[in-house]
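Summary of structural features
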Amino acid sequence: MNTPSNLKYTKSDEWFDPATGAVGITDYAQSQLSDIVFVEILVDAGEELTVGKPIASVESVKASSEIYSPVAGKVSAVNADLSNAPETINSDAFGAAWMIKVEGGTEGDLMDAAAYEAYCAGREH
Amino acid sequence: MATIVEPTIFELSSPGRTGVTMPASDVPETALPPKELLRSDLPLPELAEVDVVRHYMKLSSFNYSVDSGFYPLGSCTMKYNPKINEDTCRLPGFLFTHPLQPVETVQGNLALMFEMQEWLKEISGFAGVTLQPAAGAHGEFTGVLMMAAYHKLRGDTKRTKMLIPDAAHGTNPASVGMLGYSVVTIPSDERGNVDLKALAAACDDTVVGMMLTNPNTLGMFDEHIEEVVKLVKDCGGLMYGDGANLNALLGIVRPGDLGFDVMHFNLHKTFAVPHGGGGPGSGPVGVSQRLADFLPSPLVGIIEEGDDETAPLYGFVTPKNSIGRMKAFHGHFGGGLVRSYTYIAMHGPDGLKDISQYAVLNANYLQARLRDTYHIPYDRICMHEFVMEGRFEGSDVRALDISKRLMDYNFHPPTNYFPLIVHEALMIEPTETENKDTLDSFADALIKIAEEAKTQPNLLHEAPITTKFGRMDEVKAARELVLCCWLPEGYDLSK
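These figures come from a predicted structure and were not determined experimentally.

Quick notes on the sheet that holds strand E4 (residues 36-41) of chain A
All names here are of chain A.
- Judged by pairing direction, the sheet is antiparallel, and its three strands sit side by side in the order E4-E6-E7 without closing on themselves. Of all the strands in the sheet, the pair left with one neighbour each is E4 and strand E7 (64-68). Between one strand axis and the next, the sheet turns by 20 degrees as a mean value, whatever way the strands run.
- In this sheet, strand E6 (residues 54-60) lies alongside E4 in antiparallel orientation, the contact comprising five bridges. Pairing of Val39 across the sheet is with Val58, part of E6.

Thoughts on the nonpolar core
- Of all hydrophobic cores here, the largest spans 104 residues; its most connected members are Met147, Tyr240, Val262 and Val387 of chain B.
- Among the elements that make up this core, the one with the highest residue count is helix H12 (residues 333-370) of chain B (13 residues).
- Looking at this core, you find at least three residues from each of domain 1 (85-346) and domain 2 (357-479) of chain B.
- Those residues in contact with Met147 of chain B, other than ones at most four positions away along the chain, are Val208, Gly209, Leu238, Tyr240 and Val262 of chain B.
- By size, the runner-up hydrophobic cluster in this structure holds 31 residues, among which are Phe16, Ala22, Val23 and Val78 of chain A.

Digging into the domain arrangement of chain B
Residues and elements named next belong to chain B.
- What the domain assignment reports for chain B is domain 1 (85-346) and domain 2 (357-479).
- On a C-alpha basis, the centroid separation for the pair domain 1 and domain 2 is 32 Å.
- On the side of domain 2, 14 residues touch domain 1, which itself brings 14 residues to the contact.
- Looking at the side of domain 1 that touches domain 2 residue by residue, the class counts come to six nonpolar, six polar and two charged.

Describing the pairing of strand E9 (residues 100-107) of chain A
Residues and elements named next belong to chain A.
- One ladder, built from two bridges, connects strand E3 (residues 22-25) with E9; its direction is antiparallel. Along E9, the bridge assignment pairs Val23 with Ile100.
- Inspection of the sheet shows strand E8 (residues 71-78) paired to E9 by six bridges, in the antiparallel sense. Bridge pairing in E9 links Val71 to Glu107.

Cut-offs used in this document
Residues numbered from 1 in each chain as written. Chains lettered and ligands numbered in written order. Predicted model: local features only at pLDDT ≥ 70, side-chain atom pairs only at ≥ 80, totals over all residues. Pairing = 2+ DSSP bridges. Helix = DSSP H or I, 4+ residues; strand = E, 2+ residues; numbered from the N terminus. Axes fitted to C-alpha atoms, helices over the stretch in contact; angles between N-to-C directions. Core = buried A, V, L, I, M, F, W, Y, C linked by C-beta atoms within 7 Å. Buried ≥ 20, exposed ≤ 12 C-beta atoms within 10 Å, placed from the backbone. Domains from an automatic or database assignment. Contact = placed C-beta atoms within 7 Å. Nonpolar A, V, L, I, M, F, W, Y, C, P; charged D, E, K, R; others polar.

Here is the structure:
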């Protein structure tokens with residue numbers, strides 16, 4: 001499982017990059033969902049977010065899931081390309097598949113990479 | 001390379017062929033609507049009647065149904081539907097009535113509906129029942145509307161939260177969303193029950209109520225159901241029961257006695273109404289005394305009592321604080337109510353209890369036979385269904401592969417990937433009608449497939465290999481939403 005150490009993680013499998021403000025879903029999440037077929041970003045640039053607010057809806061051949069904001073702050077950018085290429089989440093969850101960027105994000109209750117890996121391992125049983 | 005086993009009806013079309021030759025018109029012609037309202041590019045297929053019949057006959061022979069083999073989707077999707085129901089729902093007295101007939105001329109229909117209300121009350125322990133809702137989710141919406149009306153009449157307007165367990169059916173949050181309420185998800189504990197601590201923490205004076213399926217979608221009867229009901233009631237909330245899994249409880253436990261305030265019945269699940277292809281369902285709703293005045297109108301009631309000589313006069317009545325009409329006319333009468341009435345009448349109280357006991361016994365038998373081969377995460381005595389994991393340590397075989405391989409053994413696959421709280425979920429519900437031989441051959445197939453997963457995993461990845469069509473490309477089907485075989489002129493697929 002790929003878990004970059006520069007990112008922070010939520011229990012609901014979102015990642016947040018404190019350096020760039022980018023938010024997405026983890027490699028573990030995409031592997032659980034399997035082939036992703038639909039993504040809709042539910043927020044617009046300029047919108048104020050609170051921690052836990054739904055920011056996107058992701059649908060795979062197995063299930064559909066809401067994606068929640070790991071941080072509070074103002075949306076500075078939305079990845080408009082993602083909805084045309086939802087499979088990017090499967091191939092590059094931590095890179096090209098970023099969903100939104102948040103300016104001056106105040107972090108919610110986030111884990112570092114080691115804690116997130118342990119958390120995922122615990123859910124495998 | 002897949003062979004085309006049957007072309008589409010459009011491909012079979014040939015210009016000039018026709019099923020019926022129309023006689024020359026013997027009535028005056030009238031002008032057509034303005035041409036902006038007409039379209040010329042409607043390529044309806046042209047075929048002779050016999051070609052149409054053969055085409056659909058052939059397609060129907062590709063079906064796998066509960067009438068042709070074991071179907072572990074269970075009552076949740078469709079259990080076996082006794083054929084006598086088909087006779088009764090076609091009795092001319094039922095078949096040829098119209099919902100707008102004067103009530104004096106449809107007393108038989110009303111008597112059946114009245115008795116159906118009474119029977120469902122007795123089965124569930126509720127004080128009142130409406131037969132109107134068209135299906136389960138419509139019943140849920142009806143129930144939630146009554147919960148909202150109850151709080152509103154009391155002036156208790158700050159209640160906007162509905163508590164829903166993480167094992168719930170997706171329709172529960174959807175019904176709640178229809179009213180603009182928010183959903184608070186309550187986790188399950190390690191035994192598959194509602195997590196009491198999390199529930200207690202969520203209970204406050206903003207709670208509308210809780211929607212609970214019991215037994216839940218893991219097939220587990222909640223071991224703390226009385227505490228769950230008490231916690232919700234103590235904070236002023238109402239208990240909604242999702243009746244989708246009532247097949248496990250008939251004649252054994254009554255939701256009304258457990259303290260539920262409202263529950264929908266799925267006549268098309270528990271009470272054997274066929275509903276292939278998404279309908280028609282039938283979702284009557286039962287309520288406790290405190291919600292009885294809010295039931296949709298009209299209900300069927302006795303307008304004039306009868307005696308030994310005369311039958312009572314049935315008619316329609318409106319509850320005092322009714323939420324109003326939920327459906328044009330009176331629910332799915334012939335398709336739903338007459339069939340279910342027949343099913344209940346044919347079984348009687350003891351027979352209904354047998355249904356649930358055999359449904360639970362069969363599920364536990366299968367669970368016991370599969371326990372050593374497949375991981376069952378919530379492993380205790382189950383009710384009418386159980387959920388196991390379709391994956392093995394160190395193997396890339398997934399639940400979908402196992403399901404597809406089952407088709408090669410002539411079984412319909414079970415529900416995949418639900419509930420979401422189980423990895424690679426395979427939900428198995430055999431129902432009461434299956435004999436031990438059938439259950440054994442299904443278990444044998446699953447055990448054999450588990451062996452194949454170790455020895456020839458590629459076989460499972462490629463399955464099914466014996467069916468008319470091989471593995472469908474589910475990703476392509478979901479990403480490219482093109483369902484028609486022709487596209488209207490000027491239609492740009494890329495948009």
